[in-house]
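Structure assessment
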Amino acid sequence: MTRPLPDALLMVPHRRDVPFSKLTTLGVGGLCRWLFEPTTELEAQTFVRACVQEGLAWRVLGGGSNLVVLGDLTMPVLRLALPKTIHREGHRLTTHASHGHIALAEAAAGAGLSGLEFASGIPGSLGGAIRMNAGAYGREWVDVLTRYRFLTPEGDLVEKAPEPGEFRYRWSFLTGGHVVLSATAELVEGDSATIRAQVADYREKRGTSQPLSKRNAGCIFKNPPGQSAGRLIDQAGLKGLRLGDAEVSLEHANFLVNHGKATATEFAELMGQVRTKVWEVHGVELEPEVEIWRE
Ligand code: EPU
């Protein structure tokens, strides 16, 4: 950081020089020079307002399950540390964005509420899942989302119902400095045993088709309309393509795995090679699903 951070920002709980390898599921990346971890919505708002006032760019980090960071980052990074409570009202569950996504799906199943079974194998935080409109097995978050709270990039607090155009396949408008604070899912009453059986079935499917025992960041590329990125990469003969300890998974071609000592640069380079080859073989341009951050 070339200039000192303002006092208002430094009042928000923070840590210095945290390795991104500890903040991301792929386990790579440089240092997060300033990691801000607000424990209240007000502190989160203070963070955004202070950054805006100082003209500082910032990043929002969730569970780090969809992220590769190249090098060190000196800009302030926000990672919510809000209370891990789940508020139930009838069939609706409201949760803070920093809540674990899988834990929320499990809590819903335990409460006999159906609708979040699809989420039971998707890692990361609820905020990241909303921001990405995460999904699996033909379902996605916008199917169950009834209300959500967020901070605008100016630091204003908004609570609203989702509207058409705000969420699409693996996309929402909540990028570029928006901070998701909480979300409410409208679920339906179900039988706990049936819900748990569905969750177990999804888990088994995932376990047999995805390299879950190795460090990974989920699917690396979005599925092009009507196609499967995994199949395209597989057909291009790229399974097992390796740079150092970074490898195109042998189990699912749209996953990259870290065999231990891979670096962020190797992952970025491998993604580039996969994109180029798929373009050459299929004439299809793959769009990354994971985010790449650099200073
Ligand atoms: N396939 C191959 N080779 C591979 C991988 C897949 O030929 O190496 C084929 C499969 O045989 C299947 C088709 O491609 O016929 C689709 O594969 P799969 O069922 O694994 O689904 P996917 O489209 O690759 C999507 C999501 C996953 C989600 C699964 C299950 C995306 C980019 N991926 O994968 O989400 O878990 O469906 O619903 O939308 C993620 O978003 O990070 C993610 C992992």
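These remarks concern the structure in this document. Here the structure is a predicted model, which is why all the values come from computation and not from measurement.

What counts and what doesn't
- Residues numbered from 1 in each chain as written.
- Predicted model: local features only at pLDDT ≥ 70, side-chain atom pairs only at ≥ 80, totals over all residues.
- Heavy atoms only, no water.
- Near = heavy atom within 4 Å.
- Polar contact = N/O pair within 3.5 Å; in protein donor to acceptor, adjacent residues only side chain to side chain.
- Areas by Shrake-Rupley, 256 points an atom, 1.4 Å probe, with all protein chains shown as cover.
- Helix = DSSP H or I, 4+ residues; strand = E, 2+ residues; numbered from the N terminus.
- Nonpolar A, V, L, I, M, F, W, Y, C, P; charged D, E, K, R; others polar.
- Contact = heavy atoms within 4.5 Å.
- Pairing = 2+ DSSP bridges.
- Axes fitted to C-alpha atoms, helices over the stretch in contact; angles between N-to-C directions.
- Salt bridge = Lys/Arg side-chain N within 4 Å of Asp/Glu carboxyl O.
- Buried < 20%, exposed > 50% of the residue type's maximum accessible area, 1.4 Å probe, protein only.

With that settled, the discussion passes to the site of the ligand. Close to the ligand lie 20 residues; Tyr 137, Tyr 169, Cys 219, Asn 223 and Asp 234 are nearest. Tyr 169 is positioned with one of its side-chain polar atoms (N or O) 2.7 Å from an oxygen atom of the ligand. Contact distances for the ligand include 2.7 Å between an oxygen atom and a side-chain N or O atom of Asn 223. Burial of the ligand by the surrounding chains reaches 73%, relative to a free accessible area of 820 Å². With 3 residues, the top contributor of residues to the shell around the ligand is helix α6 (residues 229-235). Tallied by class, residues from the shell around the ligand come to 7 nonpolar, 7 polar and 6 charged.

Here we take up the environment of Gly 29. In this structure, Gly 29 sits in the loop between β1 (14-19) and β2 (31-36). Remark: the alpha-carbon pair of Gly 29 and Leu 73, spanning 44 residues in sequence, is separated by 9.4 Å. If sequence neighbours within four positions are ignored, Gly 29 has contacts with Phe 20, Ser 21, Val 69, Gly 71 and Ala 264.

We now examine the sheet that holds strand β12 (residues 157-160). Taken in spatial order, the 5 strands of this open sheet run β6-β7-β15-β11-β12, and their pairing is antiparallel. Looking at which strands have only one partner, the edges of the open sheet turn out to be β6 (86-89) and β12. Neighbouring strand axes in the sheet, compared pairwise and without regard to direction, differ in orientation by 15° on average. Pairing between strand β11 (residues 145-151) and strand β15 (residues 179-186): 6 bridges, direction antiparallel. When the sheet's bridge partners are listed, Arg 147 is paired in β15 with Thr 184. The sheet contacts of helix α2 (residues 41-54) involve β7 (92-96), β11, β12 and β15, and relative to β11 the element is tilted by about 50°.

Two numbers describe how helix α3 (residues 101-110) lies on helix α5 (residues 192-209): the axes approach to 8 Å, and their chain directions differ by 150°. Contact residues: Ile 102, Glu 106, Ala 109 and Gly 110 in α3; Ser 192, Ile 195, Arg 196 and Arg 203 in α5. Per-class residue counts for the contact of α3 with α5 are 3 nonpolar, 2 polar and 3 charged.

Scanning the entire structure with this criterion turns up 20 salt bridges. Between Asp 201 and Lys 205 there is a salt bridge, with its nearest N and O atoms 3.3 Å apart. Taken together, the residues span about one helical turn, with Asp 201 and Lys 205 both in helix α5 at a distance of 4 residues. By relative accessible area, Lys 205 is classed as partly exposed at 40%. Note that Glu 287 is salt-bridged to Lys 222, the shortest N-O span being 3.3 Å. Residue Glu 287 is located in the loop between α7 (264-282) and β21 (291-294), and its partner Lys 222 is located in the loop between β17 (215-216) and α6; the two are separated by 65 residues in the primary sequence. Owing to a relative accessible area of 12%, Lys 222 belongs among the buried residues under this scheme. One continuous salt-bridge network, built from bridges that share partners, spans Glu 41, Arg 147, Arg 149 and Glu 159.

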